[in-house]
Amino acid sequence: MKGHPGGGGHTRRLIDLAALPPGERVLDLGAGAGEAVALLRSLGCEAQGLDLEPRSPLVACGDLLRTGLPSESFGAVLSQCAFFASGDVPGALAESRRLLRPGGRLLLSDLFFEPPEPLIEKAGFRILYAEDMTALWREYYLEALWRGDGDCPTVRGKCAYWLLICEKEGNDGPV
Ligand SMILES: C[S@@+](CC[C@H](N)C(=O)[O-])C[C@H]1O[C@@H](n2cnc3c(N)ncnc32)[C@H](O)[C@@H]1O
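Per-chain numbering applies: the sequence of each chain, read as written, is numbered from 1 onward. With the structure being a predicted model, the display of local features is reserved for residues of pLDDT at least 70 and the display and counting of side-chain atom pairs for 80 or more, all residues being used for whole-chain, interface and lining totals. Note that water and hydrogens are dropped before the side-chain values are worked out from all heavy atoms of the structure.

1. Here we look at the site of the ligand
Here is step 1 of the chain: Around the ligand lies a shell of 18 residues, among which His4, Gly30, Asp51, Asp63 and Leu64 are the nearest.
Here is step 2 of the chain: Per-residue and other accessible areas were derived by the Shrake-Rupley procedure at a 1.4 Å probe size, with only the shown protein chains allowed to occlude residues. Contact with the protein chains removes 89% of the 590 Å² of surface that the ligand exposes when unbound.
Here is step 3 of the chain: Three residue categories are used. Nonpolar comprises Ala, Val, Leu, Ile, Met, Phe, Trp, Tyr, Cys and Pro, charged comprises Asp, Glu, Lys and Arg, and polar comprises the others, including Gly. For the shell around the ligand, the residue count by class is 6 nonpolar, 7 polar and 5 charged. Think of it this way: one heavy atom of a residue within 4 Å of a molecule or strand is enough to make that residue near it.

2. A look at the packing of aromatic side chains
Here is step 1 of the chain: Side-chain rings of Phe, Tyr and Trp, where Trp is taken by its six-membered ring, are said to pair if the distance between their centres is within 6.5 Å; with planes under 30 degrees apart they count as stacked, over 60 as edge-to-face, and otherwise as tilted. What the rule picks out here adds up to 4 aromatic pairs.
Here is step 2 of the chain: Between tryptophan 137 and tyrosine 140, the aromatic rings sit 6.3 Å apart at their centres with planes inclined by 40°, giving tilted as the arrangement. Of this pair, tryptophan 137 and tyrosine 140 both sit in helix α6 (residues 134–147), 3 residues apart, which is roughly one turn of the helix. Exposure class is identical for tryptophan 137 and tyrosine 140. Each is buried.
Here is step 3 of the chain: Seen from their ring centres, tryptophan 137 and tyrosine 161 are 6.2 Å apart, and the 15° between their planes marks the pair as stacked. Taken as a pair, tryptophan 137 in helix α6 and tyrosine 161 in strand β7 (residues 160–168) lie far apart in primary sequence, 24 residues in all. As far as burial versus exposure is concerned, tryptophan 137 and tyrosine 161 are alike and both buried.
Here is step 4 of the chain: What links up through ring pairs into an aromatic cluster is the set Trp137, Tyr140, Tyr141 and Tyr161.
Here is step 5 of the chain: A cation sits over an aromatic face here: arginine 25 above phenylalanine 74, 4.5 Å from the ring centre. The way it works is that DSSP assigns letters per residue, a run of H or I at least four long becomes a helix, a run of E at least two long becomes a strand, and they are numbered from the N terminus. The classification of residues rests on relative accessible area computed with a 1.4 Å probe and restricted to protein chains. Under 20% of the type maximum is buried, over 50% is exposed, and intermediate values are partly exposed. Comment: the charge-over-ring label is applied if NZ (Lys) or CZ (Arg) is within 6 Å of the ring centre and within 35 degrees of the ring normal.

3. Examining the pattern of salt bridges
Here is step 1 of the chain: Any Lys or Arg side-chain nitrogen found within 4 Å of a carboxyl oxygen on Asp or Glu counts as a salt bridge. Summed over the entire model, instances satisfying the criterion amount to 10 salt bridges.
Here is step 2 of the chain: A salt bridge links glutamate 131 to arginine 13; the shortest N-O distance between them is 2.1 Å. Here the residue glutamate 131 occupies a position in strand β6 (residues 125–132), and arginine 13 occupies one in helix α1 (residues 7–18), the gap between them amounting to 118 residues.
Here is step 3 of the chain: The partly exposed category is assigned to arginine 13, whose relative accessible area is 32%.

4. Brief notes about unusual backbone geometry
Here is step 1 of the chain: We note that alanine 19 has phi near 45°; this positive angle belongs to a residue other than glycine.
Here is step 2 of the chain: Residues other than glycine seldom take positive phi values, yet cysteine 81 does so here, at roughly 60°.

5. Quick notes on the sheet that holds strand β1 (residues 25–29)
Here is step 1 of the chain: Paired strands are those between which DSSP finds at least two bridges. Reading across the sheet, the 7 strands line up as β3-β2-β1-β4-β5-β7-β6 and stay open at both edges, with mixed pairing between neighbours. Bordering the open sheet on either side are β3 (59–61) and β6, each of which pairs with just one other strand. Across the sheet, the axes of successive neighbouring strands diverge by a mean angle of 20°, strand direction being ignored.
Here is step 2 of the chain: Judged from the 8 bridges that link them, strand β5 (residues 100–112) and β7 form a sheet pairing that is antiparallel. If you follow leucine 108 over to β7, its bridge partner there is leucine 164.
Here is step 3 of the chain: We call two residues in contact whenever any of their non-hydrogen atoms come within 4.5 Å of each other. Axis lines are fitted through C-alpha atoms, for helices just across the contact stretch, and the angle between N-to-C directions can take any value from 0 to 180 degrees. Sitting on the sheet, α1 touches β4 (74–80), β5, β6 and β7, and the angle it makes with β7 is about 30°.
Here is step 4 of the chain: Packing of helix α4 (residues 89–99) onto the sheet brings it into contact with β1, β4, β5, β6 and β7, and relative to β5 it is tilted by some 155°.

The structure is reproduced here in structure tokens:
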């Protein structure tokens, strides 16, 4: 599966809920075809994207678990349907936290096989907004199965699709 439930409208909602300041530096992790990067730029953000298999010149090739980008260099990290796909959600959260300035925001919409709160809080984030969008995911997944989407992941067990706006807590730098 290459996109995410809700398409561009869902991305816009995620961005609006985060209330980013004008000109914010934003990194899209697992940016795919770069739609969110293009949208963020059209809204005045300084946005860039990273993906293992970039599908747009707006997206650089890289691993979201080991970006190699400088610490605390972004005001916001956005990711849709990519942390789960990376196979290491705690690792993706840790790399996002490293990349964010203190107080920076993580804009996430993704699948979770456990309640997201403990995972997010353990990674050093405070949840500002959470919305269970499982019904949207179910519809999207069934449509993909119906289309015969070759990339459709085998999802075992009870999962939920969450939209989350989180804030980086604490400061990793020298006191
Ligand atoms: C379901 S697609 C979502 C793409 C995009 N975020 C969107 O919403 O349209 C998941 C994306 O995550 C990327 N991905 C998976 N593991 C990754 C990793 N370790 N590092 C970077 N990208 C990764 C895939 O290449 C794919 O483009």
